[in-house]
Amino acid sequence: QVQLVESGGGLVQAGGSLRLSCTASRRTLSNYAMGWFRQAPGKEREFVAGINWSATSTYSVKGRFTISRDNAKNTLYLQMNSLSPEDTAVYYCAASASSDYPTHRDEVDYWGQGTQVTVSS
């Protein structure tokens, strides 16, 4: 199975940017379609962005967020711009063995441990 480790979270002021990374180990990231989800306190975990294994298909719920991957580095990224306090959440990297990226938690085969993003006003 693949192990996923997120990094890059932290505290940022509103309007700022962060880039999250998710590095895979034990298995090659290119074997998986990938996604980012987030979960705010008291809320359900929600889909943020997805990308297929070849990066020919991507989707982001937020136009301010861009998902990308570097299979040579076994790493997934989420560039987040113009952050607002409503973006405060734990962000999770997710892998699916399907050809399509996961958009719902039931479609995820592996999760990372999450990284906290806090946006101050």
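Higher on the page you've got the structure.
The following refers to the structure shown. (Residues numbered from 1 in each chain as written. Predicted model: local features only at pLDDT ≥ 70, side-chain atom pairs only at ≥ 80, totals over all residues. Heavy atoms only, no water.)

1. Regarding unusual backbone geometry
Unlike most non-glycine residues, A55 shows phi in positive territory, near 65 degrees. Classification of A55 by relative accessible area gives partly exposed; the value is 37%. Even without being glycine, S82 reaches a positive phi, approximately 50 degrees. Here S82 is to be found in the loop between β8 (75-80) and β9 (89-96). For S82, a relative accessible area of 44% translates into the label partly exposed. (Buried < 20%, exposed > 50% of the residue type's maximum accessible area, 1.4 Å probe, protein only. Helix = DSSP H or I, 4+ residues; strand = E, 2+ residues; numbered from the N terminus.)

2. Focus: the side chain of S21
Tracing the chain through its elements places S21 in strand β3 (residues 18-25). With a relative accessible area of 14%, S21 lands in the buried category. With residues near it in sequence (within four places) discarded, S21 still touches V5, E6, S7, W36, T75, L76 and Y77. (Contact = heavy atoms within 4.5 Å.)

3. Brief notes about the pairing of strand β5 (residues 46-51)
Counting buried residues in β5 gives five out of six residues, a clear majority hidden from the surface. Alignment of strand β4 (residues 33-39) against β5, held across five bridges, turns out to be antiparallel. The partner of G35 across the bridge, within β5, is G50. As paired elements, β5 and strand β6 (residues 58-60) share three bridges and run antiparallel to each other. Pairing of A49 across the sheet is with S60, part of β6. (Pairing = 2+ DSSP bridges.)

4. Observations regarding the sheet that holds strand β7 (residues 65-70)
Here four strands make up an open sheet; going across it, the order is β1-β3-β8-β7 and the pairing antiparallel. The two strands at the open ends of the sheet, each matched to only one other strand, are β1 (3-7) and β7. For this sheet the average axis-to-axis angle between neighbouring strands, irrespective of direction, equals 15 degrees. In this structure, β3 lies alongside β8, joined through six bridges in antiparallel fashion. Paired with L18 across the two strands is M80, which belongs to β8. (Axes fitted to C-alpha atoms, helices over the stretch in contact; angles between N-to-C directions.)

5. Observations concerning the pattern of salt bridges
A side chain of one charge can pair with a side chain of the opposite charge if their charged atoms are brought near each other. The full count for this structure, using the stated rule, is three salt bridges. A salt bridge links R38 to E46; the shortest N-O distance between them is 2.7 Å. Under the relative-accessibility criterion, R38 is labelled buried at 6%. Between R38 and D87 there is a salt bridge, and its shortest N-O distance comes to 2.9 Å. Remark: D87 occurs in the loop between β8 and β9 and R38 occurs in strand β4; sequence separation between them is 49 residues. Taken as a pair, R38 and D87 share a single burial class, namely buried. Salt bridges here are not isolated pairs; linked through shared partners, they connect R38, E46, R64 and D87. (Salt bridge = Lys/Arg side-chain N within 4 Å of Asp/Glu carboxyl O.)

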